[in-house]
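Residue-level structure breakdown
Letter by letter, the chains look like this.
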Amino acid sequence: MQERRSATCQADNFFKSCSATLYCLNAISCHTYHVQEASKLRSRDFREIMIGYALILIIVWTPNPLQRVLFWTAFAWIMYVTVAARPTVDELGVGLSFKFSSLLRSALLVSGAVVLAGVAILLAAKWHTLHELYGSAPAGRHIWGYVIWAFMQQFILQTYFLSRMLRLLSRPAVAVLVTAAMFSLAHLPNPLLTVATFLWGAAACLLFIRYRNFYSLGAVHAVLGLCLAFTVPNAIHHHMRVGLGYIRYHRDYPVQRPAMPVLQKTSISNAGTRSTRSRL
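Residues numbered from 1 in each chain as written. Predicted model: local features only at pLDDT ≥ 70, side-chain atom pairs only at ≥ 80, totals over all residues. Heavy atoms only, no water.

1. Concerning the confidence of the model for the protein chain
With 77% of its residues at a pLDDT of at least 70, the protein chain reaches an overall mean of 83. The secondary structure element of the protein chain with the lowest average pLDDT is helix H12 (residues 262-279), at 47, and the one with the highest is helix H6 (residues 172-185), at 97. Here residues 27-35 is modelled with pLDDT under 50, and outside its nearest four sequence neighbours on either side it reaches zero contacts, counting other chains as well. This stretch, residues 274-280, has a pLDDT under 50; its non-local contacts, to residues over four places away or in other chains, come to zero contacts. (pLDDT = per-residue confidence, 0-100. Helix = DSSP H or I, 4+ residues; strand = E, 2+ residues; numbered from the N terminus. Contact = heavy atoms within 4.5 Å.)

2. Overview of the pattern of salt bridges
Proximity of charged atoms lets side chains of opposite charge pair with each other. All told, the structure shown has three salt bridges when counted by the stated rule. The partner of Arg44 in a salt bridge is Glu48, with the nearest N and O atoms 3.8 Å apart. Placement of the pair is Arg44 and Glu48 together in helix H1 (residues 2-60), with a separation of four residues, close to one helical turn. Given a relative accessible area of 33%, Arg44 falls into the partly exposed group. Across the salt bridge formed by Arg164 and Glu48, the nearest N and O atoms sit 2.6 Å from each other. Here Glu48 lies in helix H1 and Arg164 lies in helix H5 (residues 139-168), a separation of 116 residues in the sequence. This pair shows no difference in class: Arg164 is buried, exactly as Glu48 is. When salt bridges that share partners are traced, they join Arg44, Glu48 and Arg164 into one network. (Salt bridge = Lys/Arg side-chain N within 4 Å of Asp/Glu carboxyl O. Buried < 20%, exposed > 50% of the residue type's maximum accessible area, 1.4 Å probe, protein only.)

3. Section: the packing of aromatic side chains
Going through the model one piece at a time under the given rule, you end up with 10 aromatic pairs. Centroid distance Trp77 to Tyr160: 6.3 Å. Interplanar angle 65°. Geometry classified as edge-to-face. Highlighted residues: Trp77 in helix H2 (residues 66-84) and Tyr160 in helix H5, separated in sequence by 83 residues. Among the residues examined, Trp77 registers a relative accessible area of 27% and is labelled partly exposed. (Phe/Tyr/Trp six-rings, centres within 6.5 Å; stacked < 30°, edge-to-face > 60°.)

4. Some words on unusual backbone geometry
Pro65 follows Asn64 through a cis peptide bond whose omega is 5°. Tracing the sequence through the fold places Pro65 in the loop between H1 and H2. The step from Leu188 to Pro189 runs through a cis peptide bond, and the omega angle for that step is 0°. Along the chain, the position of Pro189 falls in the loop between H6 and helix H7 (191-211). A positive phi angle, close to 55°, is found at Arg86, a residue other than glycine. With respect to the helices and strands, Arg86 occurs in the loop between H2 and helix H3 (89-92). Judged by relative accessible area, Arg86 falls into the exposed class, the value being 74%. Backbone geometry places His128, a non-glycine residue, at a positive phi of 60°. In this structure, His128 sits in the loop between helix H4 (100-126) and H5.

Shown next, in the form of C-alpha cells:
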C-alpha cells in the first residue's frame, strides 16, 4: 500500500511539475508575442511619423500649383492611415461631450483666446499695425478658409503625430516636446510662426492629453492665428507664409514705391534746369 501511495504521489508531483512547466512556457510565449507585437507597432508608428513629416516638408518647400496637389495627396494619405488604425472616438478627440464641466472648460479656453486676441487688436490699432488680410478674396471667405485650415493642422498635430509619439516614447513630456518641435520646425524660416507654433504646439498637446478635446483646440488655433495675421505687419510674417513661400515673398509681392505727383516731378525738373543754367 505504501509503495502504491508513493507511486501515486510521484505521479501527482510529475503532473504538477509538467503543468507548471507548460504554464510557464505559455506565459513566456504570450509575453514574447506581446513584445513582438509592441515592437511591430512601434516600428510602424516610427515609419508613419517619418513618412508623414517628410510629406509635410516636401509640401512646404514645393512651389504652386504642384504644392496644392501634394497637399491634398498627403492629407488623404494621413486620413487613410489614421482610419486604418481603427482608433476610438476618445483617442481621436472627436467625441462630443455635453457634460457641464466639459462645456465650461471649452468655453473658458476659447473665451480666453478671444480676450487675448481682442487685447492684441486694440494694441495693434494704437500702434498702427492693424491691417486687412491680403488677397482679393472677400474677408469672410478668407477667414473661414483659415478656420478650416487651423482645424486640419490641429487634427494632424494631435491625432496623427502626438498619438504615435506617445506610443513611441515612454515619457509623455518628451513626446509633447518632440511633437511641438516638429510642428515648429515645419514653419521655418518664418521666425514669428516658428516660435509661436512651438509654444502653442506644446500647450495644445498637453491639453489634448489631459482632456481629449479636438474642437476647442482647433477653435483656439483659428482665433490666435487670425489675430497674428491681422495685428502683426506683413513685413514680419510675410502673409503667414512658411518654407519656400516665405523666401519668395518679396518676389511675389514686390515693394511698390509711391508714385510721385506730376506737379512735384515738374517742379523738380525745373529746379534742376535752373541750377544747371546758373552754373553755366
